[in-house]
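Next come the chains, spelled out residue by residue.
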Amino acid sequence: MTKYPWGHERRFNAYSNYFRELYGARVQKLSIDAGFTCPNRDGSKGTGGCTYCNNDAFNPSYCVPEKSVTQQIEEGISFHRKRYRRSESYLAYFQAYSNTYAPLEKLKKLYEEALAGSGIIGIVIGTRPDCIDDEKLKYLRELSEKYYVAVEYGIESCYDRTLIRINRGHTFGEADEAVRATAAYGINTGAHFIFGLPGETREEMLAEADIISTLPLKTVKFHQLQIIKGTAMEKEYQNNPGDFQLFSWEEYLDFFVRFLERLNPEIVVERFTGEAPPRFLTGTLWGKKRTDQIVSLVEKRLEELDTWQGRLYEGKEFI
Ligand code: SF4
């Protein structure tokens, strides 16, 4: 049987296998809302936020900033134990808003409270590329000598005209710099991208595979654009629906398989899609599809086409 460069038979470099390889067991992420805000909301960069943003749509119910980090971890563990396969190892995922956007002393307190939790083997910190500096990276490098530490940047698009249009408040150049600086400190570096943002063509989205492939990223997450009710983007969509090319599920499956073929095989892929609860959504809906079903459907399509992540990386036939 073929073994791909990532050392197993799945046709993409899967996040769950990456952790199994690192720790010999399943690792579960626990979301935490530690009460951060974001410079694109509090006025230091902007006040309106990114046009698509409504964090409530992505936060699990046990995860609210009124509860301490410890309490959120304990409740997260009991939530996952009831619903999913048992796991003994957990990552505390600082998810809501910009989780490096505070003085270092405050960050240390919060991260170290999380790392003291029972079964916690590391932290994953979601943030913006303009909320990091050398002092914070030096501290995270020290932490990473004892724990799994990852910083995950919201980049969303490789095109500045899109970043301006969605009011991100940073450029792709700033994202590129933050990713390279973080990786240079030896910290696991992740990134998040959205497909279907207004004004981008499918070819431009596909070409992002080549740009992303050049970044020193350990992990990536991808989401299809979902229009969340109550956001500035919902108004834009109502006023100019023709500017949006929202993916149907079938279109996304075709697109994503082509994207994966061009993506650097060394990059671990954590997510293919996003899944805000339907009550928050407007626009093109996919119906009920669980994440594990989506993963199986993508793997099935990769198999049908006898292709895999990175097969066309750098325009070459690979393997
Ligand atoms: S940076 Fe994140 S939290 Fe801040 S407005 Fe944008 S999506 Fe929302």
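Details of the structure are given in the entry above.
Residues numbered from 1 in each chain as written. Predicted model: local features only at pLDDT ≥ 70, side-chain atom pairs only at ≥ 80, totals over all residues. Heavy atoms only, no water.

1. Quick look at the pattern of salt bridges
Reasoning step 1: Scanning the entire structure with this criterion turns up 24 salt bridges.
Reasoning step 2: We note a salt bridge from Glu 204 to Arg 161, for which the minimum N-O separation is 2.9 Å. Taken together, the residues span a long stretch of sequence, with Glu 204 in helix α7 (residues 202–212) and Arg 161 in helix α5 (residues 160–165) at a distance of 43 residues.
Reasoning step 3: Residue Glu 204 is classed as partly exposed on the basis of its relative accessible area of 22%.
Reasoning step 4: By relative accessible area, Arg 161 is classed as partly exposed at 43%.
Reasoning step 5: With a shortest N-O distance of 2.6 Å, Asp 210 and Arg 262 are connected by a salt bridge. Of the two residues, Asp 210 sits in helix α7 while Arg 262 sits in helix α9 (residues 249–262), which places them 52 residues apart along the sequence.
Reasoning step 6: Residue Arg 262 is classed as partly exposed on the basis of its relative accessible area of 23%.
Reasoning step 7: Within the structure, one salt-bridge network assembled from shared partners comprises Lys 29, Glu 152, Lys 221 and Glu 270. (Salt bridge = Lys/Arg side-chain N within 4 Å of Asp/Glu carboxyl O. Helix = DSSP H or I, 4+ residues; strand = E, 2+ residues; numbered from the N terminus. Buried < 20%, exposed > 50% of the residue type's maximum accessible area, 1.4 Å probe, protein only.)

2. Some points on the site of the ligand
Reasoning step 1: Around the ligand, the surrounding shell holds 10 residues, and the nearest of these are Cys 38, Cys 50, Cys 53, Tyr 97 and Arg 128.
Reasoning step 2: For the shell around the ligand, the class distribution of residues is 5 nonpolar, 2 polar and 3 charged. (Near = heavy atom within 4 Å. Nonpolar A, V, L, I, M, F, W, Y, C, P; charged D, E, K, R; others polar.)

3. What to know about the packing of aromatic side chains
Reasoning step 1: Per the counting criterion, the structure on display carries 27 aromatic pairs.
Reasoning step 2: Its guanidinium or amino end placed over the ring of Tyr 93, Lys 29 lies 4.2 Å from that ring's centre, counting from NZ or CZ.
Reasoning step 3: Looking at Arg 161, its charged tip hangs above the ring of Tyr 159, at a distance of 5.9 Å from the centre. (Phe/Tyr/Trp six-rings, centres within 6.5 Å; stacked < 30°, edge-to-face > 60°. Lys NZ or Arg CZ within 6 Å of the ring centre and 35° of its normal.)

4. Quick word on the sheet that holds strand β2 (residues 89–94)
Note: strands within a sheet are paired through backbone hydrogen bonds, in either parallel or antiparallel orientation.
Reasoning step 1: With parallel pairing, the 7 strands of this open sheet are ordered in space as β1-β2-β3-β4-β5-β6-β8. Each end of this open sheet is capped by a strand with a single partner; those strands are β1 (27–32) and β8 (268–271). Averaged over all pairs of adjacent strands, the angle between their axes in this sheet comes to 25 degrees, without regard to strand direction.
Reasoning step 2: Packed on one face of the sheet, helix α6 (residues 172–184) meets β4 (148–156) and β5 (188–195) and runs near 170 degrees to β4. (Pairing = 2+ DSSP bridges. Axes fitted to C-alpha atoms, helices over the stretch in contact; angles between N-to-C directions. Contact = heavy atoms within 4.5 Å.)

5. What about unusual backbone geometry?
Residues other than glycine predominantly adopt negative phi, and peptide bonds predominantly adopt the trans conformation.
Reasoning step 1: The backbone of Asn 167 sits at a positive phi, close to 60 degrees, despite the residue not being glycine.
Reasoning step 2: As for its placement among the helices and strands, Asn 167 is situated in the loop between α5 and α6.
Reasoning step 3: Here the phi dihedral of Asp 306 falls at roughly 45 degrees; this positive angle occurs in a residue that is not glycine.
Reasoning step 4: Note that Asp 306 resides in the segment after α10 (291–304).
Reasoning step 5: Overall, Asp 306 belongs to the partly exposed group, its relative accessible area being 47%.

6. Observations regarding the pairing of β5
Reasoning step 1: Here β5 lies mainly inside the structure; 8 of its 8 residues are buried.
Reasoning step 2: Across the two faces of β5 the burial is the same, with Asn 188, Gly 190, His 192 and Ile 194 and Thr 189, Ala 191, Phe 193 and Phe 195 all buried.
Reasoning step 3: With 6 bridges connecting them, β4 and β5 associate as parallel partners. Counted as the bridge partner of Glu 156 is Phe 193 from β5.
Reasoning step 4: Where β5 lies against strand β6 (residues 219–224), 6 bridges are found, and the strand directions are parallel. Within the sheet, the bridge partner assigned to Phe 195 lies in β6 and is Gln 224.
Reasoning step 5: With α7 bridging β5 and the parallel β6, this β-α-β connection has right-handed handedness. (Right-handed = clockwise from strand over helix to strand, strands pointing away.)

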